[in-house]
Structures are given as C-alpha cells and as structure tokens.
Amino acid sequence: MYLERGYLEDDELPPKPSDERLRSKRPVAYIECPQPIPCSPCYESCRFDAIEMKNINDPPKMDYEKCTGCMACIRVCPGLAIFMLQIKDDKGYVTLQYEFLPWLEKGDEVRLFNRKGEEIGKGVVTWALKPERNDNTQLVTVEVEKDLIFEVRAVRKR
Ligand code: SF4
Ligand code: SF4
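Because the structure is predicted, anything quoted here is derived from the model rather than measured.

Remarks on the overall build of the protein
Right, so step 1: Across its full length, the protein carries four helices and nine strands.
Right, so step 2: Of the regular secondary structure in the protein, the N- to C-terminal order runs α-α-β-α-β-β-α-β-β-β-β-β-β.
Right, so step 3: Dimensions of the protein along its principal axes, counting C-alpha atoms only, are 40 × 35 × 35 Å.
Right, so step 4: Long-range pairs, those at least 24 residues apart, make up 59% of the contacts in the protein between residues at least 6 apart in sequence.
Right, so step 5: Accessible area for the protein stands at about 9,100 Å²; split by element, carbon and sulfur atoms hold 47% of it.
Right, so step 6: Put simply, the protein has 25 plus and 28 minus side-chain charges, and the middle of one group is 5 Å from the middle of the other.

Pasting the structure below:
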C-alpha cells in the first residue's frame, strides 16, 4: 500500500498522456499525487482548466489535452508531485523541482533515480531556473532516454 511504501507502484500511477501529446511543442504536466490531503495550489494555479479537483481533499486529475505546459502548477506544488514531460527528437525531457545544494546549471551531468530511489542512469541538465526566481526551489529540465520519462523522479549532481 502506498502509505506504508511511500512511493507509487506502476499500477497505481495516473493515466499517461498520449504519445502525440508527449511529442507536441509544449511539455505536459504529469501529476503523481495519490494522497487525499487538503491541498490545492496546483488546481488554483492552472488558468487553463486542465486540473480537476471537485473537493480540496481529492487528488488532482489531469486533462492532458487542456494542459498548455505553462508550468504554473509545478512551481507551486509543495509535495514535489508534478513533473513536466516531453519527447523531442526521440529524446525524453523531464522537468522537476530540485532542492539540493549545489544548485544545478545547464550542461551539468546528473545521476537519475526512480521513485524507489534506485539509480537508473545518467542525464544532462538542459534548463535550470534560478532558485531565487522560484521560492528557493529550482526547476530543472533533464534530458534522458525517452523510455525513462515515466521513471526518472529525482536527480543528483554526479
Ligand atoms: S502546466 Fe499549466 S496548463 Fe498544464 S496543468 Fe500545469 S498549470 Fe495547468
Ligand atoms: S499542489 Fe502538489 S501536493 Fe498539492 S494537491 Fe497539487 S499535486 Fe498534490
């Protein structure tokens, strides 16, 4: 069970965006927020009606076709539960929140970890938002093998 384990197994993940949406010009938000807790910054931040939350205790549900990839939700999620995903030129891109020192910079090589904390490969930072521009949490985009975009959920500098 998730609460004892602390991470989601594959069969507990939300539905995935279509391959077509993943390959479109803008990344798409993928929300892995399983707990019914009173939290709604993601829902309140979305100006495009892409996140459904009928009750503040409901886990958010995504409408991937409405998501513009604006990244407003990932900037405000206190649970580090939102990932922006994209496939471009057969490479995968995962944008995630990053809270470790030293901060990352574009071009940095990073180690990739899955939900269980297991190391699953290496990637390169392609974009890094300065922490002072996002409430002292960095947003970073990492280029990874495209088959890993639903696996990579944390990175560390090598
Ligand atoms: S990325 Fe933007 S459009 Fe997509 S769910 Fe988040 S806030 Fe809404
Ligand atoms: S802001 Fe983050 S933690 Fe809160 S409901 Fe949304 S996805 Fe879950």
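Next comes the rest of the account.
Some remarks on the environment of Gly-69
Right, so step 1: Tracing the backbone shows Gly-69 in the loop between β3 (61-62) and α4 (72-76).
Right, so step 2: For Gly-69, the residues in contact, after removing those within four places along its chain, are Arg-21, Arg-26, Pro-27 and Met-84.

A word on the pairing of strand β7 (residues 119-129)
Right, so step 1: In the sheet, strand β6 (residues 109-113) pairs with β7 via five bridges, with the strands oriented antiparallel. Across the sheet, Glu-109 pairs through a bridge with Val-124, a residue of β7.
Right, so step 2: Relative to strand β8 (residues 138-145), β7 runs antiparallel, the two being bridged by five bridges. Counterpart to Leu-129 in the pairing with β8 is Leu-139.

Quick word on the site of ligand 2
Right, so step 1: Taken together, the residues surrounding ligand 2 are Ile-31, Cys-33, Cys-39, Pro-41, Cys-42, Pro-60, Cys-77, Pro-78, Gly-79 and Ile-82.
Right, so step 2: When grouped by side-chain class, the residues that make up the shell around ligand 2 number nine nonpolar, one polar and no charged.

What about empty space enclosed by the protein?
Right, so step 1: For the coordinates displayed, the defined rule picks out one cavity of 30 Å³ or more.
Right, so step 2: For the lining of the largest cavity, the class distribution of residues is 12 nonpolar, three polar and no charged.

A word on the pattern of salt bridges
Right, so step 1: This structure, assessed with the given rule, holds 11 salt bridges.
Right, so step 2: When the shortest N-O distance is used, the salt bridge between Arg-153 and Glu-32 registers 2.7 Å. Here the residue Arg-153 occupies a position in the loop between β8 and β9 (154-157), and Glu-32 occupies one in the loop between β1 (28-31) and α3 (41-45), the gap between them amounting to 121 residues.
Right, so step 3: Among the salt bridges present, the one from Lys-146 reaches Asp-90, with a minimum N-O distance of 3.9 Å. Here Asp-90 lies in the loop between β4 (82-88) and β5 (91-98) and Lys-146 lies in the loop between β8 and β9, a separation of 56 residues in the sequence.
Right, so step 4: Residue class for Lys-146 comes out partly exposed when judged on its relative accessible area of 26%.
Right, so step 5: Connected through shared salt-bridge partners, Asp-19, Arg-23, Asp-90 and Lys-146 make up one network.

Brief notes about the layout of surface pockets
Right, so step 1: Approximately 690 Å³ is the volume found for the largest pocket.
Right, so step 2: In terms of lining residues, the largest pocket is bounded by 37 residues, among which Glu-32, Gly-79, Leu-80, Ala-81 and Phe-83 are the most central.
Right, so step 3: When residues of the lining of the largest pocket are traced back to their parent elements, those giving at least two are α3, β4, β5 and β9.
Right, so step 4: It is β5 that provides the largest number of residues to the lining of the largest pocket, a total of three residues.

Conventions and cut-offs
- Throughout this document, residue positions are counted from 1 along each chain, in the order its sequence is written.
- The naming scheme follows written order: chains are lettered A onward, ligands numbered 1 onward.
- Side-chain atom pairs in this predicted model are given and counted only at pLDDT of 80 or more, local residue features only at pLDDT of at least 70, and totals for whole chains, interfaces and linings cover all residues.
- Side-chain measures here rest on the full set of heavy atoms in the structure, leaving out hydrogens and waters.
- Counting from the N terminus, the helices are the DSSP runs of H or I reaching at least four residues and the strands are the DSSP runs of E reaching at least two.
- Between two residues, a contact is recorded if the distance between any of their heavy atoms is within 4.5 Å.
- We get accessible surface area from the Shrake-Rupley algorithm with a probe of 1.4 Å; when it comes to residues, only the shown protein chains can shield them.
- When charges are counted, Lys and Arg are positive and Asp and Glu negative, with His and the chain ends excluded.
- Charge coordinates come from a single atom per side chain, which is NZ of Lys, CZ of Arg, CG of Asp or CD of Glu.
- Pairing between strands is defined by DSSP: at least two bridges between the two strands are required.
- Definition of nearness: a residue and a molecule or strand are near each other if at least one heavy atom of the residue lies within 4 Å of the molecule or strand.
- Any residue outside Ala, Val, Leu, Ile, Met, Phe, Trp, Tyr, Cys, Pro, Asp, Glu, Lys and Arg is labelled polar, Gly included; the first ten of those are nonpolar and the last four are charged.
- We place a 1 Å grid over just the protein atoms. Points where a 1.4 Å probe fits but has no way out form a cavity, open points with protein on both sides within 12 Å along at least 5 of 7 lines form a pocket, and any residue with an atom within 4 Å of a point lines it.
- Grid points are joined across faces, edges and corners, and a volume is the space filled by probe spheres set on the points.
- Throughout this description, the term salt bridge denotes a Lys or Arg side-chain nitrogen within 4 Å of a carboxyl oxygen of Asp or Glu.
- The classification of residues rests on relative accessible area computed with a 1.4 Å probe and restricted to protein chains. Under 20% of the type maximum is buried, over 50% is exposed, and intermediate values are partly exposed.

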